[in-house]
Amino acid sequence: MKVITFGTFDMPHIGHVKILNRAKELGDHLIVGVSSDDLNLFKKGRKPIYSQDERMFLINSFKGVDQVFLEESLELKREYILNYKADILVMGDDWKGKFDEFSDICQVVYLPRTPSISTTSVIEVVKTNHFDQEELTSQKN
Ligand code: C2G
C-alpha cells in the first residue's frame, strides 16, 4: 500500500516525525510532498527558514520515508495522488475535512496533531531566549 502526505516540514520537530511514522505504519511505501518556498510564501506569507532543497533533503533522510517530491501547488493534489499511485492520503487533523474530495481516488485519513509543538512556537522560543540572553549580558555589564 502506498501512502502519500504533504507538508512544509520547516525546522522538522517531533510532531513531524510522529506523523511521518504513523503515516508509514498505514502502508509499506511512504511518499512525501514537501511544499515549495513559493507555495509557502503564498500560503503563509513568508518563506520557510529552511529552503525547499534543505527540507526535502531532511525529510528524505527519515527512516520511514521512501520518496519525496516538491509540492508546487495546492491545486495539484489530485494529480500528485494519481501520478504517485497513492492508496492512502494522510494529513494532520488541522486539515480535517479539507481533502475529503479525494476519497473517490484514495482513502483519506486525518491523524491527530501532536499537541504543543509547531515551527512557529519553536521560532518564538528562540526569539525569546535570544532576548533573555541579551538581557543577561546587559545586566552583567
Ligand atoms: N503536524 C502534526 N503535529 C504538529 C505539527 C504538524 O501532526 N504539532 C503535521 C501537520 O498536521 C501536517 C504535517 O505535520 O500534516 C506537516 O505540517 P506543516 O509543516 O505545518 O505543513 P502544512 O503547512 O500544514 O502543509 O498541501 C498541504 C500543505 O502542504 C500542508
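This paragraph deals with the site of the ligand. Close to the ligand lie 21 residues; Lys 44, Glu 71, Lys 77, Asp 94 and Ile 117 are nearest. At 2.7 Å, a side-chain N or O of Lys 44 approaches an oxygen atom of the ligand. In this structure, an oxygen atom belonging to the ligand sits 3.0 Å away from a main-chain N or O atom of Gly 92. Relative to its unbound accessible area of 630 Å², the ligand is 95% covered by the protein chains. At a threshold of 2 Å from the grid points, most atoms of the ligand map onto the largest pocket.

What follows covers the packing of aromatic side chains. By the definition in use, this model includes six aromatic pairs. Between Phe 99 and Phe 102 the ring centres are 6.2 Å apart and the planes differ by 25°, which places this aromatic pair in the stacked class. Within the aromatic cluster, the residues linked to one another by ring pairs are Phe 6, Phe 69, Tyr 80 and Tyr 84. Seen from the ring of Phe 6, Lys 77 lies directly overhead, with NZ or CZ sitting 4.6 Å from the centre.

So, about the nonpolar core. Among the nonpolar cores identified, the biggest contains 15 residues, and Leu 20, Leu 30, Val 32, Ile 59 and Val 90 are the most heavily contacted of them. Among the secondary structure elements, those contributing two or more residues to this core are helix H1 (14–25), strand E2 (29–35), helix H3 (52–60), strand E4 (88–92) and strand E5 (107–111). Dropping the residues within four chain positions of it, Leu 20 is found in contact with Thr 5, Phe 9, Leu 30, Val 32, Ile 59, Phe 62 and Val 65.

Attention shifts here to the side chain of Thr 5. If you trace the backbone, Thr 5 turns up in strand E1 (residues 2–7). Overall, the relative accessible area of 3% leaves Thr 5 in the buried class. Separated by 2.6 Å, the side chain of Thr 5 and the backbone oxygen of Val 90 make a polar contact. Contacts of Thr 5, omitting those with residues within four sequence positions, involve Leu 20, Leu 30, Ile 31, Val 32, Gly 33, Val 90 and Met 91.

Our next topic: the environment of Asn 60. For Asn 60, the position within the fold is in helix H3. Sequence separation between Asn 60 and Leu 20 is 40 residues, and the spatial gap between their C-alpha atoms is 11 Å. Every residue in contact with Asn 60, bar those within four places of it in the chain, is listed here: Val 65 and Val 68.

Phi is positive for Lys 85, which is not a glycine, with a value near 50°. Structurally, the position occupied by Lys 85 is in the loop between helix H4 (77–83) and E4. For Ser 116, which is not glycine, the phi dihedral falls at a positive 65°. Take Ser 116: it is sitting in the loop between E5 and helix H5 (119–140). Take Ser 116: its relative accessible area is 77%, and that puts it in the exposed class.

Cut-off values and rules
Residues numbered from 1 in each chain as written. Predicted model: local features only at pLDDT ≥ 70, side-chain atom pairs only at ≥ 80, totals over all residues. Heavy atoms only, no water. Near = heavy atom within 4 Å. Polar contact = N/O pair within 3.5 Å; in protein donor to acceptor, adjacent residues only side chain to side chain. Areas by Shrake-Rupley, 256 points an atom, 1.4 Å probe, with all protein chains shown as cover. 1 Å grid on protein atoms, 1.4 Å probe; cavity = no way out; pocket = protein on both sides within 12 Å on 5 of 7 lines; lining within 4 Å. Sits in = over half its atoms within 2 Å of the grid points. Phe/Tyr/Trp six-rings, centres within 6.5 Å; stacked < 30°, edge-to-face > 60°. Lys NZ or Arg CZ within 6 Å of the ring centre and 35° of its normal. Core = buried A, V, L, I, M, F, W, Y, C linked by side-chain atoms within 4.5 Å. Buried < 20%, exposed > 50% of the residue type's maximum accessible area, 1.4 Å probe, protein only. Helix = DSSP H or I, 4+ residues; strand = E, 2+ residues; numbered from the N terminus. Contact = heavy atoms within 4.5 Å.

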